[in-house]
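Architecture and fold: a report
Here is how the chains run, residue by residue.
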Amino acid sequence: MSVLTRDIIVQFPDLTVRRSDRLLIAGPCSVESRDQLFRVAESVRESGFRFLRGGAFKPRTNPYSFQGLQEEGLKLLQAAAKEFDLKIVTEIVDASHLPMFMDTVDILQIGARNMANFHLLKQLAHASKPILLKRGFAATIEELLLAAEYLVSGGNQQVILCERGIRTFETATRATLDLSSVPIVKKISALPIIVDPSHATGRSDIVVPMALAGLVAGADGLMVEVHPNPPKALCDGLQSLTLEGFRELVAEINRLKPYLIKK
Ligand code: PEP
Ligand code: MN
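Report on the accompanying structure. These numbers come from a predicted model, not from an experiment.

1. Re the coordination of the manganese ion (ligand 2)
- In the first shell of the manganese ion (ligand 2), the protein supplies Cys29 (SG), His199 (NE2), Glu225 (OE) and Asp236 (OD), at 2.0 to 2.4 Å from the metal.
- Mapping the donors of the manganese ion (ligand 2) onto the primary sequence yields the spacing C-x169-H-x25-E-x10-D. Note that His199 is positioned in helix α7 (residues 197-201) and Asp236 in the loop between β10 (221-225) and α9 (243-256), a separation of 37 residues in sequence.
- Residue His199 is classed as buried on the basis of its relative accessible area of 8%.
- Given the relative accessible area of 17%, Asp236 is considered buried.

2. Looking at the nonpolar core
- In terms of nonpolar packing, the biggest core is built from 69 residues, with Leu133, Leu151, Leu161 and Phe246 touching the most fellow members.
- It is helix α5 (residues 141-153) that contributes the most residues to this core, seven residues altogether.
- Residues within four places of Leu151 in sequence aside, it is in contact with Ile110, Leu121, Leu124, Ala125, Ile131, Leu133, Asn156 and Val159.
- Residues Val17, Leu23, Ile25 and Cys162 belong to the second largest nonpolar core, which totals 15 residues.

3. Details of the packing of helix α1 (residues 34-47) against helix α2 (residues 71-84)
- Remark: α1 packs on α2, axes separated minimally by 10 Å, with the N-to-C direction vectors making an angle of 35°. Classified by chirality, the crossing of α2 by α1 is right-handed. On α2, the residues that touch Arg34, Leu37, Phe38, Ala41, Glu42 and Arg45 of α1 are Leu76, Leu77, Ala79, Ala80, Glu83 and Phe84.
- Taken together, the residues that form the contact of α1 with α2 break down as eight nonpolar, no polar and four charged.

4. Some points on the packing of aromatic side chains
- Taken as a whole and assessed by the stated rule, the structure comprises five aromatic pairs.
- Between Phe49 and Phe246, the aromatic rings sit 5.1 Å apart at their centres with planes inclined by 90°, giving edge-to-face as the arrangement. Of this pair, Phe49 sits in the loop between α1 and β4 (51-53) while Phe246 sits in helix α9; the two residues are 197 residues apart in sequence, bridging distant segments of the chain. Comparing Phe49 with Phe246 shows no difference in burial state: the two are buried.
- Look at Phe57 and Phe101: their rings are 5.8 Å apart centre to centre, the planes differ by 40°, and that puts the pair in the tilted class. Here Phe101 lies in helix α3 (residues 98-104) and Phe57 lies in the loop between β4 and α2, a separation of 44 residues in the sequence.
- Taking the relative accessible area as the measure of exposure, Phe57 reaches 5% and is therefore buried.
- For Phe101, a relative accessible area of 0% translates into the label buried.
- When the ring centre of Phe38 is taken as origin, the NZ or CZ atom of Arg34, which lies over that ring, is 4.0 Å away.
- We note Arg167 situated over the ring of Phe137; from NZ or CZ to the ring centre the distance is 4.6 Å.

Cut-offs applied
- Residues numbered from 1 in each chain as written.
- Chains lettered and ligands numbered in written order.
- Predicted model: local features only at pLDDT ≥ 70, side-chain atom pairs only at ≥ 80, totals over all residues.
- Heavy atoms only, no water.
- Donors = N, O, S within 2.8 Å, 3.2 Å for Na, K, Ca; no water.
- Helix = DSSP H or I, 4+ residues; strand = E, 2+ residues; numbered from the N terminus.
- Buried < 20%, exposed > 50% of the residue type's maximum accessible area, 1.4 Å probe, protein only.
- Core = buried A, V, L, I, M, F, W, Y, C linked by side-chain atoms within 4.5 Å.
- Contact = heavy atoms within 4.5 Å.
- Axes fitted to C-alpha atoms, helices over the stretch in contact; angles between N-to-C directions.
- Left-handed = near helix turned anticlockwise from the far one by under 90°.
- Nonpolar A, V, L, I, M, F, W, Y, C, P; charged D, E, K, R; others polar.
- Phe/Tyr/Trp six-rings, centres within 6.5 Å; stacked < 30°, edge-to-face > 60°.
- Lys NZ or Arg CZ within 6 Å of the ring centre and 35° of its normal.

See below:
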């Protein structure tokens, strides 16, 4: 792999996130309304997290499911980020959307379903934005790293990997969080890797322990889904933390911090 180990996970003119800080991202699966997004964004800001996630263009398995607010969703993300001084992480599914995303978004997310969309990766390699690359649910660690290599070799060195669980025979969880990918990636790659316990588990009742386990395994950060009213969520309600649940997660992370491996 072709990049040197770096201390900085991601850098903006007004914000530098080092490995020792951890990259902490939270927000709803999908942007649904101004009220929904602003309530979560306020809570994200209060928690000390600096990155707001929210899908605007959603790659849904079922074509009849909510597909996202699209351009309107990006505008709401922009407004919430401005109001609460947060950076935006959102998924890009089509390279033709790049000009629109370049104006709005701070970190481009490539979802599990597109990890192996090599044409998209090649096009995004030219974007001068950090990229959060999620592991495909049927991808090996090596395939994840090779997908990242499309971005890095194409000119984008600002890649952050995300372990979001893989499909196994287990049915108690939506996917199986492959925590061993975290220390393995650290042995063979210089890229930072964060953990997404929300998509990995599919169930909010075990998101907190799996998030903490990710940090203990050495993850450079976390991405979690949060919704003010999960039963009414248009996407991924079962795995979304309530605002109260999110506050509990933040308290647990802060309790754990002194014991984490120093980076
Ligand atoms: C998401 O982050 O909302 C998402 C769709 O995740 P994944 O691509 O990991 O399924
Ligand atoms: Mn989701």
